[in-house]
Amino acid sequence: MNKISSSPTFCPEPWTTLNIDQSGRVLPYLHSMGWNQQTNCENTMGNTKQTSIQTIIRGPVLQEIKAAIARGEWHDFCSSCRNDEAASGTSARTPSLGPVRDQGTNRSRYRLF
């Protein structure tokens, strides 16, 4: 298994999905948080009315999300899933992942099946 898919925060969405609303606003996936409550400003990857999809996909925000996942960290866009998992153990990302018991720590982690 490669490093990214064995990450405790792994989610396939940043590699497979973009959410574009009718105003052209681009978020990495449907369940990502588009509004940052801490800074009281909008979090987006860009806007298709101002920037090409290719530029947005290759841009720094999506690369930062993927890098955070590879490090086993939660990106700010992932706060909805992080909060849901802390409260209930499941989130929007977990249906595409299966629980796996880590033999070394006896804790659950997720991996792509």
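Right above here is the structure, for reference.
All values reported here derive from a predicted model rather than from experimental measurement. Position numbers for residues count from 1 along each chain, tracking the sequence in the order it is written. Per-residue local features of the predicted model are confined to residues with pLDDT of at least 70, and side-chain atom pairs are confined, for both listing and counting, to 80 or more; whole-chain, interface and lining totals are unaffected and use all residues. Based on all heavy atoms of the structure, the side-chain values leave hydrogens and waters out of the count.

**Digging into the sheet that holds strand β2 (residues 25–27)**
A pair of strands is labelled paired if DSSP reports no fewer than 2 bridges between them. Numbered from the N terminus, helices here are DSSP runs of H or I no shorter than four residues, and strands are runs of E no shorter than two. Strands sit in the order β1-β2-β5 across an open sheet of three strands; the sheet is antiparallel. Both edges of this open sheet fall to β1 (19–20) and β5 (46–47), since each of them pairs with a single strand only. Sheet topology note: the β1/β2 ladder contains two bridges and is antiparallel. Across the sheet, the residue bridging to Ile20 is Val26, located in β2.

**Concerning the nonpolar core**
With eleven residues, the main nonpolar core is built from Phe10, Val26, Leu27, Tyr29, Met45, Ile56, Leu62, Ile65, Ile69, Phe77 and Cys78. Of all the elements in the fold, those that place two or more residues in this core are β2 and α3 (60–70). Ranked by residues supplied to this core, first place goes to α3 with three residues. If we skip the residues at most four places from it in the chain, Val26 touches Leu18, Asn19, Ile20, Thr44, Met45, Gly46, Thr48 and Ile56. Grouping buried Ala, Val, Leu, Ile, Met, Phe, Trp, Tyr and Cys residues that are joined through side-chain atoms within 4.5 Å yields what is termed a nonpolar core. Throughout this description, buried means an accessible area under 20% of the type-specific maximum (1.4 Å probe, protein chains only), exposed means over 50%, and partly exposed covers the range between. What makes two residues a contact is simply this: any of their non-hydrogen atoms within 4.5 Å.

**Some words on the pattern of salt bridges**
Salt bridge, as applied in this entry: a Lys or Arg side-chain nitrogen positioned within 4 Å of an Asp or Glu carboxyl oxygen. Under the definition given, this model contains three salt bridges. The salt bridge involving Arg93 is made with Glu85; its shortest N-O contact spans 2.5 Å. In this pair, the class of Arg93 matches that of Glu85, namely buried.

**Observations concerning the side chain of His75**
Along the chain, His75 falls in the loop between α3 and α4 (79–88). Judged by its relative accessible area of 14%, His75 falls in the buried class. The term polar contact refers here to a pair of N or O atoms within 3.5 Å; inside protein, the definition further demands a hydrogen-donor-capable atom paired with an acceptor-capable atom, and it admits residues adjacent in sequence only when both atoms are side-chain atoms. A distance of 3.1 Å separates a polar atom in the side chain of His75 from the backbone nitrogen of Phe77. Every residue in contact with His75, bar those within four places of it in the chain, is listed here: Glu64, Ile65, Ala68 and Arg82.

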